[in-house]
Amino acid sequence: MKIAAVYNQILNVNADLLVVDMAQDKKHKNKLLNKIDLTLKKEISAILKNEKIKGAKGEAKLIYTRGKLKADYLLIMGLGDKDKCDTEVIRRAGAVILSTAQRLKAKKVVSVVLGSKYGKVSDDDCALAMTEGFLLAGYKYTRYIKKAESSLAEMVLYCRERAAVAGVNKAVNLAQIIHQGVVLARDLVNDPANLATPRYLALAAKKLKGVKVRVHGIGAIKKLKMGAFLSVAQGSTANPPYFIEMHYRPKARPKKKIAFIGKGVTFDTGGYSIKLAKSMETMKDDKAGAAAVMGLMSVISKLQPKVEVSAYIAATENMVDGFAQRPGDICKSMSGKTIEVLNTDAEGRLTLADAMTYALKKKPDYLIDIATLTGACLVALGSRCSAVLGNDQDLIDKLIKCGRETGEMLWQLPIVEDYRDDIKTPIADMKNNGASYAGTITAAIFLENFVGKTKWAHLDIAGTSWTSADLPYTPKGGTGVMVRTFARLLSGF
Ligand code: BES
Ligand code: ZN
Ligand code: ZN
């Protein structure tokens, strides 16, 4: 879709739909809306008054202009209190524009940069959020159904100042790049496990542009002595594991190296500690960490961050066959540390442990792992907030801040000293499950054994990577969570 900013008389542009924002603030004079009101002989103020429309957050009023404006329809988009209008309000408003345009079968939309000059958010960030919401709301997983034709071809963003055009265009361009990354992540999560095997992830990685990709098959994984990863994968003889690495290098000499590790369990049955049928229904989502990392790497050469970025995925199924690991088995991880596998459903940490050990060989300054790791995370934070834990407060704070700015909420959980005892066992260096409670924390404590002194953050997206209900700009299914937060984090280094 063509999206571009203009400095122009917005009322002179031909379009199917014209969008104007409105704050819930009496003092806030909306010059553009007043002008439209005059053109329509005060019809707008009459409608707003009679229908008691105040510009509340999320409030949207669609008016047919009966040929009195160049646009057939006018959408007045409420953004709530001017002071409280943040990027998430704008993103959601962007989504409303898209659904309205689709309903009207509009071809061309013209809109002001929502929230511009409200004070809190820069014009560029307004344009970024609005375009993100607009584009992401249009996502649909269509690999197995006929794609519906969309008539929408163009959106024009109107800037109040000529000087704002370049910045807004840049933000729109950035939103379009990031959108592509989120779409890949959502698609990979939504791809069913009969299609999206470990080999499929490896092939998808090899197709990525602008990154160096290396894929290791089972022979190489054995040579690397990834015993924890292999312990999970040994029950999936039909679909063997792959270890995937992706590398991006900026043109100028990078100051920092960042490694991302995504959990890539293409299907989690639980293994012999088998899941209940209901809990297994959405377990194709257990590759959402890998999907986020691949979504990011798919657009990284366009984002062009100044840092070196590597990404690693230990891709495997967690299945049951005659070779599968049993509860009580003990494996030796690549790091040399031994693990008693008391619960085969706590497989993610086994795969991550070896991926982390491998990633450390390149001596990254920061290590960030992202995983649908624990059901306990859903209990603690629900489906709209991810957990973050780690050993470097600065990195954690950066992630939380970027998450706030992208509308991907993160909440830090503590690494409680005393819970370290929960993963102790007398017959190995550690065990792979904790006590009954604080499962998200004990999982992080397990992973901490494999990060050494590297600055590290762990994200648990078990709740946020999947939505069972349609959200403002995220339809049911894989959410592609954290692609946007990671992109923002990298732009700040
Ligand atoms: N993949 C699951 C975690 C999960 C649960 C993701 C719900 C998304 C939604 C993970 O492998 C798992 O099963 N973890 C166990 C760990 C326990 C056995 C220590 C869990 O959380 O129950
Ligand atoms: Zn599991
Ligand atoms: Zn899992």
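For the structure itself, look to the data block above.
Residues numbered from 1 in each chain as written. Chains lettered and ligands numbered in written order. Predicted model: local features only at pLDDT ≥ 70, side-chain atom pairs only at ≥ 80, totals over all residues. Heavy atoms only, no water.

Draft legend 1. Representation of the environment of S150. By the secondary structure assignment, S150 is in the loop between α4 (123–136) and β6 (154–158). Expressed as a C-alpha distance, the spacing of S150 and G336, which sit 186 residues apart in the sequence, is 55 Å. One polar contact links the side chain of S150 to the main-chain amide nitrogen of L152, over a distance of 3.3 Å. (Helix = DSSP H or I, 4+ residues; strand = E, 2+ residues; numbered from the N terminus. Polar contact = N/O pair within 3.5 Å; in protein donor to acceptor, adjacent residues only side chain to side chain.)

Draft legend 2. A look at the coordination of the zinc ion (ligand 2). All of the protein donors around the zinc ion (ligand 2) are D268 (OD), D345 (O), D345 (OD) and E347 (OE); their distances to the metal are 2.0 to 2.2 Å. Relative to the metal, the six donor atoms surrounding the zinc ion (ligand 2) lie at angles of 71 to 169 degrees, and the coordination shape comes out irregular. Considered as a linear motif, the donors of the zinc ion (ligand 2) on their single chain read D-x76-D-x1-E. Judged by its relative accessible area of 3%, D268 falls in the buried class. (Donors = N, O, S within 2.8 Å, 3.2 Å for Na, K, Ca; no water. Tetrahedral: all angles 85-135°; square planar, octahedral: opposite > 155°, others 65-115°. Buried < 20%, exposed > 50% of the residue type's maximum accessible area, 1.4 Å probe, protein only.)

Draft legend 3. Region of the structure containing the sheet that holds strand β10 (residues 308–318). Spatial ordering of the open sheet is given by β7-β8-β10-β9-β13-β17-β14-β15, a layout of eight strands whose pairing is mixed. Of all strands in the sheet, those with a lone pairing partner are β7 (212–216) and β15 (410–412), marking the two edges. Strand-to-strand twist of the sheet, defined as the mean angle between neighbouring strand axes without regard to direction, takes the value 20 degrees. Pairing of strand β13 (residues 366–371) with strand β17 (residues 455–460), which is carried by six bridges, proceeds in the parallel orientation. Among the inter-strand pairings, D369 is bridged to a residue of β17, identified as H458. Here helix α10 (residues 288–303) sits on the sheet in contact with β8 (242–248), β9 (257–268), β10 and β13, set at roughly 135 degrees to β9. (Pairing = 2+ DSSP bridges. Axes fitted to C-alpha atoms, helices over the stretch in contact; angles between N-to-C directions. Contact = heavy atoms within 4.5 Å.)

Draft legend 4. Focus on the site of ligand 1. For ligand 1, the set of nearby residues contains 17 residues, the closest of which are K275, D286, D345, E347 and G375. For ligand 1, a nitrogen atom lies 3.4 Å from a polar atom in the backbone of T372. Within the backbone of L373, a nitrogen or oxygen atom sits 3.4 Å from a nitrogen atom of ligand 1. In isolation ligand 1 has 520 Å² of accessible area, and contact with the protein removes 79% of it. Of all elements in the fold, only β9 and α12 (375–381) reach the threshold of two or more residues within the shell around ligand 1. (Near = heavy atom within 4 Å. Areas by Shrake-Rupley, 256 points an atom, 1.4 Å probe, with all protein chains shown as cover.)

Draft legend 5. Local environment of the packing of aromatic side chains. Per the stated rule, a full pass over the model turns up nine aromatic pairs. Measuring from centroid to centroid gives 5.8 Å for Y312 and Y358, while their planes differ by 70 degrees, and the two rings are edge-to-face. Of this pair, Y312 sits in strand β10 while Y358 sits in helix α11 (residues 348–360); the two residues are 46 residues apart in sequence, bridging distant segments of the chain. Of the two residues, Y312 and Y358, both sit in the buried class. A connected cluster of aromatic rings, assembled from ring pairs, spans F229, F243, Y312 and Y358. Positioned above the aromatic ring of F450, the side-chain terminus of K337 is 5.9 Å from the ring centre. (Phe/Tyr/Trp six-rings, centres within 6.5 Å; stacked < 30°, edge-to-face > 60°. Lys NZ or Arg CZ within 6 Å of the ring centre and 35° of its normal.)

Draft legend 6. Here's a closer look at the packing of helix α13 (residues 393–406) against helix α15 (residues 483–491). Remark: α13 packs on α15, axes separated minimally by 9 Å, with the N-to-C direction vectors making an angle of 120 degrees. When the axis of α13 is compared with that of α15, the two are oblique. In this structure, α13 meets α15 at a crossing whose hand is right-handed. In this structure, α13 uses K398, L399, C402, G403, E405 and T406 to contact α15, whose residues at the interface are R484, T485, F486, R488 and L489. Residues of the contact of α13 with α15, tallied by class, amount to four nonpolar, three polar and four charged. (Parallel < 35°, antiparallel > 145°, perpendicular 65-115°, else oblique. Left-handed = near helix turned anticlockwise from the far one by under 90°. Nonpolar A, V, L, I, M, F, W, Y, C, P; charged D, E, K, R; others polar.)

Draft legend 7. Spotlight on the sheet that holds strand β12 (residues 338–341). Read across the sheet, three strands follow the order β11-β12-β16 without closing on themselves; strand pairing throughout is mixed. Every other strand in the sheet has two partners, leaving β11 (329–332) and β16 (430–431) as the edge strands with one partner each. In this sheet, β12 lies alongside β11 in antiparallel orientation, the contact comprising four bridges. For K332, the partnering residue across the bridge sits in β12 and is T338.

Draft legend 8. Just the side chain of N190, in detail. In this fold, N190 is placed in helix α5 (residues 165–190). The class for N190 is buried, based on a relative accessible area of 4%. One polar contact links the side chain of N190 to the main-chain amide nitrogen of G478, over a distance of 2.8 Å.

Draft legend 9. Spatial organisation of the nonpolar core. By size, the foremost hydrophobic cluster in this structure holds 62 residues, and its most contacted members are L18, I36, I44, L114 and L157. With seven residues, the top contributor of residues to this core is α4. Sequence-distant contacts of I44, defined by excluding residues within four places in its chain, comprise L33, I36, D37, I63, L74 and I76. Formed by 55 residues, the second largest nonpolar core is a distinct cluster that contains A205, L208, V481 and F486. (Core = buried A, V, L, I, M, F, W, Y, C linked by side-chain atoms within 4.5 Å.)

Draft legend 10. Just unusual backbone geometry, in detail. Here the phi dihedral of K52 falls at roughly 55 degrees; this positive angle occurs in a residue that is not glycine. Inspection of the secondary structure puts K52 in the loop between α2 (43–50) and β3 (60–64). At K105, a position not held by glycine, the phi torsion is positive, near 55 degrees. With respect to the secondary-structure elements, K105 resides in the loop between α3 (87–103) and β5 (108–112). On the basis of relative accessibility, which here comes to 63%, the residue K105 falls in the exposed class.

Draft legend 11. Representation of the coordination of the zinc ion (ligand 3) within the structure. Binding of the zinc ion (ligand 3) to the protein goes through K263 (NZ), D268 (OD), D286 (OD) and E347 (OE), at separations of 1.9 to 2.4 Å. Considering all six donor atoms around the zinc ion (ligand 3), the spread of angles at the metal, 77 to 174 degrees, places the coordination shape in the octahedral class. Spacing between the donor residues of the zinc ion (ligand 3) along the chain follows K-x4-D-x17-D-x60-E.

Honestly, it's all geometry; don't read function into it.
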